[in-house]
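Inside the fold
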Amino acid sequence: MTDSMALTKDTRIALNDGNTIPIIGLGTYASPDVPKSLGEEATKIAIDLGYRHIDCAYIYGNEVQIGNAIREKIADGTVKREDIFYTGKLWCTFFSPELVRKGLEKSLQDLQLDYLDLFIMHWPFSLKVCEINPDKPFVYDDVDFCATWEVLEACKDAGLVKSIGVSNFNRKQLERLLSKPGLKYKPVCNQVECHVYLSQSKLQAYCNSNDIVLVAYSVLGSHRDKNWVDLTTPVLLEDLVLANVAAKYNRSPAEVAMRFILQKGIVVLAKSFTVARLKQNLGVFDFELKPEDMKTLEDLDKNLHYGPFKEMKQHPEYPFHDEY
Ligand code: NDP
């Protein structure tokens, strides 16, 4: 638990490589039917509002637009490049050692940036082919993520990325990476799904004990994109217990859902392309949940993954067979 009243939108958490990460970040994934220009507009507005951490990925197909937004806000003097913390993700089809740097360079080129602040392996498994299209199946590959990691270390040494980390790794996979012979850099973070229905306490404890920062996605209950999310799952922001806690503080369920994760000392990502919500989500630093309400929300945990990526269940590196 952090000294939560001391948190502000500008709070940064120390990473194990000497860099820091802003505690709140803007998510930028939107389903393919959403015009990419909306992400560009939202990112510009977010930067104007004070967001400094932008989470994106090659596979979201919008790095050109998000890069435009960042560079425009640098050009108009709102921010400097060093004020922005940009996270990119290596997609699973770029895990072969000879492709890793190409994957990163593609992102840098699309963004028209010289470096990324953080570059993370999007999932622990490698794929030969990945079409986000139900008619074209995924084709598994067997590249060991430890081999991928060595090239990421070299990309950090080359100055193309400030920090390197992972996403969607379970404990055993983190252990394997941490015990890799010749490991030069530990992952700075593990970005995982984390919210009141999936509080990730055990994974957080393991990460904390190894100086790895947990970064939470789908804090608001996810994008509920039918390509990735089972739409029969309960809608997190409609949870009655969450609504009752929110009513006590005269806050929205979204604010309480975010505040809960922040008070656990976890970096929060929240996606919105709506101005009022972008503002609301940045306003979660002027109230504090009492310990009994934290406990009430902790009890909502039911190990629910909104985005279990079921198509990968047979892959040897599928991370969610283990409890955490
Ligand atoms: P979130 O849990 O952030 O929820 C986004 C949804 O909540 C949108 O529909 C948004 O609508 C709505 N919303 C935002 N603010 C509010 C509010 N205050 N009140 C009510 N509704 C609100 O979804 P994501 O799953 O997108 O996760 C966030 C980010 O995490 C992603 O965008 C991506 O950057 C990252 N991510 C990473 C993954 C990984 O594998 N590493 C996987 C999934 C996500 P609207 O836009 O209309 O406001």
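Model, not experiment: these values are computed from the prediction.

**Things to note about the layout of surface pockets**
By volume, the largest pocket amounts to about 1100 Å³. Lining of the largest pocket is provided by 45 residues; of these, Y29, S218, S222, H223 and K271 occupy positions nearest its centre. Listing elements by their share of the lining of the largest pocket, those giving two or more residues are strand 12 (267–271) and helix 9 (275–282). Tallied by class, residues from the lining of the largest pocket come to 23 nonpolar, 15 polar and seven charged. The calculated volume of the second largest pocket comes to roughly 320 Å³. Lining of the second largest pocket is provided by 19 residues; of these, L198, Q200, N303, E323 and Y324 occupy positions nearest its centre. Elements represented by at least two residues in the lining of the second largest pocket include exactly strand 10 (189–193) and helix 6 (201–209). With three residues, helix 6 is the largest single contributor of residues to the lining of the second largest pocket. For the lining of the second largest pocket, the residue count by class is seven nonpolar, seven polar and five charged.

**Comments concerning the packing of aromatic side chains**
Where two aromatic rings form a pair, the distance of their centres and the angle of their planes describe that pair. Tallying each qualifying case throughout the model produces eleven aromatic pairs. For the pair W228 and F309, a centre-to-centre distance of 5.1 Å together with 80 degrees between the ring planes defines the contact as edge-to-face. Pair noted here: W228 is in the loop between strand 11 (213–217) and helix 7 (240–249) and F309 is in the segment after helix 10 (291–298), with a separation of 81 residues, a long-range link. With relative accessibility at 23%, the residue W228 sits in the partly exposed group. Geometrically, the ring pair formed by Y249 and F287 is tilted, given 6.0 Å between the ring centres and 55 degrees between the ring planes. With Y249 in helix 7 and F287 in the loop between helix 9 and helix 10, this residue pair connects regions lying 38 residues apart in the sequence. Residue Y249 is classed as buried on the basis of its relative accessible area of 17%. Residue F287 is classed as buried on the basis of its relative accessible area, which comes to 6%. Through a chain of ring-to-ring contacts, the aromatic side chains of W123, F125, F138, W228, F309, Y318 and F320 assemble into a single cluster.

**A few points about the environment of L104**
Here L104 lies in helix 3 (residues 97–111). In the structure, L104 is positioned 48 residues away from L152 in sequence and 9.1 Å away in space, judged by C-alpha atoms. Dropping the residues within four chain positions of it, L104 is found in contact with L116, F119, C155, L160 and V161.

**Remarks on the sheet that holds strand 6 (residues 116–121)**
Around the barrel, which closes on itself, the eight strands sit in the order 3-4-5-6-9-10-11-12 with parallel pairing between neighbours. Strand-to-strand twist across the sheet, computed as the mean angle between neighbouring axes with direction ignored, equals 30 degrees. One ladder, built from two bridges, connects strand 9 (residues 161–167) with strand 10; its direction is parallel. Following the sheet pairing, S167 is matched in strand 10 by Q191. Sitting on the sheet, helix 3 is in contact with strand 5 (85–90), strand 6 and strand 9, with an inclination near 135 degrees to strand 6.

**Considerations on the confidence of the model for the protein**
Mean pLDDT over the protein: 96, with 97% of residues reaching 70 or higher. Ranking the elements of the protein by mean pLDDT puts strand 7 (residues 127–129) last with 86 and strand 9 first with 99.

Thresholds applied
- Residues numbered from 1 in each chain as written.
- Predicted model: local features only at pLDDT ≥ 70, side-chain atom pairs only at ≥ 80, totals over all residues.
- Heavy atoms only, no water.
- 1 Å grid on protein atoms, 1.4 Å probe; cavity = no way out; pocket = protein on both sides within 12 Å on 5 of 7 lines; lining within 4 Å.
- Points joined across faces, edges and corners; volume = space filled by probe spheres on them.
- Helix = DSSP H or I, 4+ residues; strand = E, 2+ residues; numbered from the N terminus.
- Nonpolar A, V, L, I, M, F, W, Y, C, P; charged D, E, K, R; others polar.
- Phe/Tyr/Trp six-rings, centres within 6.5 Å; stacked < 30°, edge-to-face > 60°.
- Buried < 20%, exposed > 50% of the residue type's maximum accessible area, 1.4 Å probe, protein only.
- Contact = heavy atoms within 4.5 Å.
- Pairing = 2+ DSSP bridges.
- Axes fitted to C-alpha atoms, helices over the stretch in contact; angles between N-to-C directions.
- pLDDT = per-residue confidence, 0-100.

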